[in-house]
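# A look at the structure
Here's the letter readout for the chains.
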Amino acid sequence: MALALDCYCLLLQLFWLADLKEEQGSAAALFCHQMEVALTVGGWFAQAFIQTLVNKASDPAIKLFAEGQGFKEDLDKLRISLLETQIILDAVQTNRSNNTEWKTLMQELKDAAYDAEDLIDEFQYHVRRRKIKGEEEDKASGSGGLSNFLSASKENLLGSSHSLDQDDMRARVRKIQGRLEGIANRMQSIMNVLPPNDRGKQPEVKFQARESCSSPVTDKLFGRDKELNQVVEWLLGVSRVEPILLDGLEGYFFCELFKKCSFGTLNPEDYPELEDIGRKIARKLKGSPLAAKTVGRYFAFCSLFPKDYRFDKDELVRMWMAEGFIEDKHTKRMEDVGSNYFLEFVNRSFFQEFSYYGSYLFVMHDLIHDLAEMIVEEETYRIKSNERTKILSTIRHLRVAERILPLEFSGYGKLRTLVLRNSPPDSLFEMLRSIRVLDVSRCGLQELSEHIDGKFLVLMKDVRRLTNLQELPIFSVQEDDGLKLGQLKDLTQLHGTLGIYNLQNSVDSKEANRAELKNKVHLKELRLEWNHENKKDAKLQEEVIEGLQPHESLKILRIREYNGAKSPSWLMPKFLSNLEKLELEFCMGWDDVLPFIGQRLHLIELRLFFMPALKQLSHEFEGKCFPKLEVLHLCHLGGLKEWSWIQSKDLFPCLRILCVRGCPKLKRLPPFPLSLETLIIDNCPSLKLNSQAEDDEDGGCHLPTSVKVLFLTNCGEYANLLPDCLHSLRLVTRLTISHCPHITSIPPVQLVELQYLYISNCDELRRMECLGLLKSLKELKIEGCPELSLMDRLGLLKSLNELKIVGCPKLAQLDVEDEQAGSLSSLRKLCVDNTALLKMFPLRNALSFITELTIQSCSEEVIFEEAIFMQSLTALTSLSFGYCEKLQYLPTELLHCLPSLEELIIYRCPQLQSLPKKGLLPFLRMLKIYTCPQIQSLPEEGLPPFLEELHISQCPRMQAKPVEELPKSLDVFHCSTLDAHPTLKEQIEKFYADKYRRARLELE
């Protein structure tokens, strides 16, 4: 969550141009571009940062505020100290000092500059807060006119002499000014003793409000002498103007530029461990000066997140905005500017894009992350799980993954970023004076602290003031005079997503109309949601939704728990002509859903979930139906009986995914288009094959040959298409067949692309003759097929990684001793319900390869007594027993013959009496025991000495072991305390109390 963005966003100068091609095509821009090299300290742009502080301290409103509080002279001295520091930085901007004190000075300067910025931002906060208060008072009093406005503004800015702690503010200004003055004096002392050739060119000191090009200009060039001469000749008019094509810088020059931009005034030779990483990154930048110059800017934030973290682009851009990394250009949204920067990173391979459950996320390259962690170690810190170390007071960005927050850390008041993953104490928020990014989204908080309320939530109680708000994903309508729909009226700059919740609290259609959603021209997504626990008049809900008509440009619409019966008029095809995605969910009374929805020309996704009143879908009109629709989900529509259409080859011409699930009364499906890639038919037992398809010799009754993912379970007559249609599914990669009672065999068909095969609850299935032809198969799971007695050529599945055979008793009865049956050498994960299956030679030969073994739903009382298991399971690292109703004892001898075992998991074994009396393997790292009510204690011989995790749940009779018998390596001790034995509850509390005490002692 970004708090009070307007108060905290800085005007740090950015050195990127939005369009690289445009930049390279302009000779003047090229000239500027070649001259710009910024002085940085570990990714921190010192000159630009100091200039920003000078500008802020020179703001008339800040000066007026300081005058009113009695420290204007002190603020002027602070501004002068900043100017003096900038002059010295200008003097050394093209050189790196080898002086050993220089690095320390740069770090001290950074820390002092951050403190100065925090203080000035605090002044800005008070200025803006008083301005808002003054506007409210003027509005309440009805006063007007310029003179009244000016006098009121001055009075509000100056304030009363006792409105704030003046002495504290004055003391803080003087303290920071003193620090900056001392740093400047020490920097000047170093400059005075340097040899003349190390001092750099002393520039003429000029303070300009704005540079003539996008970045500060320096006199240092890297490998562009030829191009520079061409530009100079062009500027002097001595040559014909021709395009200058820029390739990447040559290796040496580019590495020099990259080191300048990454290390700034620091000497790279002092960091040999970074230079190698830097060279690897430089190669990834492909010689681009633009990329080299900007990579340092985001180092601090890169290192805040762990390796392989999945970044959401919009979330990261919002964080950049809150931190002040993005300049407010006024002509372009900051979100759009940030997105351009991010996409440039992606183009340079700093981030790798991948699809994750329908969304696009990004992972940062390891080399960038390594360099980031090393170079900003004094500014950014990440507390890993269960880690205890002392945190430097200079830390500004902190991420905590530990359940115990380090309250002894003294630098919370300086933090700009805090990311938490566990609920913090309320007192923490009072300390966060300089916070810009606060992420508590995964802490399970029911409400935000009152200490945050003063900074942020005051605004949220009166949203109408936020007229420049860009996105409002959650707006909860209140019954009282708080948050009403009318507050959305003036939020015309909303982009992205607007979510309106608790719409049952809207009193009438007039209130909905006052929201004026039709004027939100930039809105991309709209979510409308009622609360199912508050069933108000359906007619009222119909009136409210009618008044919430969005603008024509809307792309995505989601409606949830609307209880009206009618569709709003604005859902007719002539409205919302740009709609691409429509999702209706838990709309229990809606029965006339969009009779003309098929005419929507741009609709790409349509999802209807849990709408029991819907009885018919109709597409009976001429022309193309859903001309661009790619995804269609019809799920849990209990009343749907008819799906009618005009027979046409233009039905769903672009459909890729069709999911029909939980429609028990539905009788027919339309013909499948040739574009279909994923077909899911689940729990639709009344489905009949189309009569046309039955008479079609060209295969109209067959499944589409284009399908790659096929899921058929309890699918009526569509089950009859199998197995005869399998031979045509050449492209299928995932095949699930479930609750198809009439299938007796899977014939020998060659499905060369198939990687995942899952067959369950097919009562008449007897033979699987296809296995030897499935060369790409990686996962095979067969459950609940009581008649299955033949799995021919199983051992030929050379790619098989995971195998599950449960509920197939006739397979376990076979006496298979074919030693030539193959070895399944790729098999690593195995789940069976009968250990007799492990004696079948295809599996018997694979025992030494298996790393994860699960015994599930086993009916045996004693298992794993044969010596073959003890001799063969040498690679096993994880062993699980689950749903074993009759199992009374674990295989003691086996558990002591598994040299690689690290995880033992036991769940839902109601007759299991105890754990092995001889104890467990000494190298066991994790032990989990769930729902085993008969177990009374942990092993008598004690727990393994290297155990790190112990999880116990729903074992009410299990008593605690003495604390001294717990292994010192134990780091996680989790127990569900609802039904735990009292001694175990007490031990859990003592364990964590001791752990916390030891951590504090280590820190002290």
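For the structure given in this document, a descriptive report is provided here. Note that the structure is predicted; figures quoted are calculated from it, not measured. (Residues numbered from 1 in each chain as written. Predicted model: local features only at pLDDT ≥ 70, side-chain atom pairs only at ≥ 80, totals over all residues. Heavy atoms only, no water.)

In this section: the sheet that holds strand β5 (residues 359–364). A sheet is described by the order of its strands in space; here 3 strands give the open sequence β3-β5-β4, paired in antiparallel fashion. A strand with exactly one partner marks an edge of an open sheet, and here the two such strands are β3 (310–311) and β4 (351–356). Relative to β5, β4 runs antiparallel, the two being bridged by 6 bridges. Within β5, the position partnered with Phe354 by the bridge is Leu361. (Pairing = 2+ DSSP bridges. Helix = DSSP H or I, 4+ residues; strand = E, 2+ residues; numbered from the N terminus.)

Attention now moves to helix α16 (residues 334–347). Here α16 spans 20 Å end to end across 14 residues, near enough to the 20 Å set by a 1.5 Å rise per residue. Buried residues dominate α16, accounting for 10 of its 14 residues. One or two steps after α16, the chain reaches Ser349, where phi turns positive at roughly 70°. (Expected span 1.5 Å × (residues − 1). Buried < 20%, exposed > 50% of the residue type's maximum accessible area, 1.4 Å probe, protein only.)

On to the packing of aromatic side chains, then. This structure, assessed with the given rule, holds 19 aromatic pairs. On the numbers, 5.3 Å between centres and 50° between planes, the contact of Trp530 with Tyr562 is tilted. In this pair, Trp530 sits in the loop between β12 (523–529) and α21 (538–546) while Tyr562 sits in the loop between β13 (556–560) and β14 (581–585), placing the two residues 32 residues apart along the sequence. Just as Trp530 is buried, Tyr562 falls in that class too. (Phe/Tyr/Trp six-rings, centres within 6.5 Å; stacked < 30°, edge-to-face > 60°.)

Our next topic: the sheet that holds strand β27 (residues 790–791). Strand order in the open sheet formed by 3 strands is β23-β25-β27, and the pairing between neighbours is parallel. Both outer strands of the open sheet, β23 (745–746) and β27, are each paired with one neighbouring strand and no more. Of the strand pairs in this sheet, strand β25 (residues 767–768) and β27 are connected by 2 bridges, and their pairing is parallel. Looking across to β27, one finds that Arg767 is bridged to Leu790.

Taken N-terminus to C-terminus, the directions of helix α15 (residues 313–323) and α16 make an angle of 115°; their axes are 9 Å apart at the nearest point. Classified by chirality, the crossing of α16 by α15 is right-handed. Residues Lys313, Leu316, Val317, Trp320 and Met321 of α15 pack against Met334, Glu335, Gly338, Ser339, Tyr341, Phe342, Leu343 and Phe345 of α16. Counted by class, the contact of α15 with α16 contains 9 nonpolar, 2 polar and 2 charged residues. (Axes fitted to C-alpha atoms, helices over the stretch in contact; angles between N-to-C directions. Left-handed = near helix turned anticlockwise from the far one by under 90°. Contact = heavy atoms within 4.5 Å. Nonpolar A, V, L, I, M, F, W, Y, C, P; charged D, E, K, R; others polar.)

There is a patch of like positive charges on the surface, built from Lys615, Lys641, Lys665 and Lys667. Mapping Lys615 onto the fold places it in the loop between β15 (605–609) and β16 (616–619). Judged by relative accessible area, Lys615 falls into the exposed class, the value being 51%. (Patch = residues over 30% accessible without salt bridge, like charges linked within 9 Å, V, L, I, M, F, W, Y side chains within 5 Å. Areas by Shrake-Rupley, 256 points an atom, 1.4 Å probe, with all protein chains shown as cover. Salt bridge = Lys/Arg side-chain N within 4 Å of Asp/Glu carboxyl O. Lys, Arg positive; Asp, Glu negative; His and termini not counted. Charge placed at Lys NZ, Arg CZ, Asp CG, Glu CD.)

Within the largest apolar cluster, 167 residues are counted, with the highest numbers of intra-cluster contacts made by Ile500 and Leu780. In terms of residue count, the dominant contributor to this core is helix α27 (residues 982–1003) (4 residues). Residues contacting Leu780, with those up to four places away along its chain left out, are Leu757, Leu771, Met791, Leu794, Leu797, Leu800, Glu802, Leu803 and Lys804. Counting residues in each nonpolar core, the second largest holds 34 residues, with Ile62, Phe71, Phe123 and Ile190 among its members. (Core = buried A, V, L, I, M, F, W, Y, C linked by side-chain atoms within 4.5 Å.)

In this section: the environment of Arg79. Within the fold, Arg79 resides in helix α6 (residues 72–91). For Arg79, a relative accessible area of 22% corresponds to the partly exposed category. A sequence separation of 24 residues divides Arg79 from Asn55, and the C-alpha atoms of the two residues are 8.9 Å apart.

Looking at the secondary structure, you find Arg558 in strand β13. Of note is the side chain of Arg558, whose polar atom sits 2.2 Å from the side chain of Glu525. Sequence-distant contacts of Arg558, defined by excluding residues within four places in its chain, comprise Glu525, Leu526, Arg527, Leu528, Lys581 and Glu583. (Polar contact = N/O pair within 3.5 Å; in protein donor to acceptor, adjacent residues only side chain to side chain.)

Before going further, it helps to spend a moment on the pattern of salt bridges. Per the stated rule, a full pass over the model turns up 45 salt bridges. Note that Glu117 is salt-bridged to Lys56, the shortest N-O span being 3.9 Å. Of the two residues, Glu117 sits in helix α7 (residues 100–141) while Lys56 sits in helix α4 (residues 46–57), which places them 61 residues apart along the sequence. Take Glu117 and Lys56: they sit in the same class, and that class is buried. The partner of Arg172 in a salt bridge is Asp168, with the nearest N and O atoms 3.5 Å apart. Of the two residues, Arg172 and Asp168 both sit in helix α9 (residues 166–193), 4 residues apart, roughly one turn of that helix. Residue class for Arg172 comes out partly exposed when judged on its relative accessible area of 22%. Members of the salt-bridge network, linked through shared partners, are Lys56, Asp111, Asp115, Glu117, Asp118, Asp121, Arg179, Arg396, Lys414, Arg416 and Arg436.

None of this, on its own, says anything about what the molecule does.
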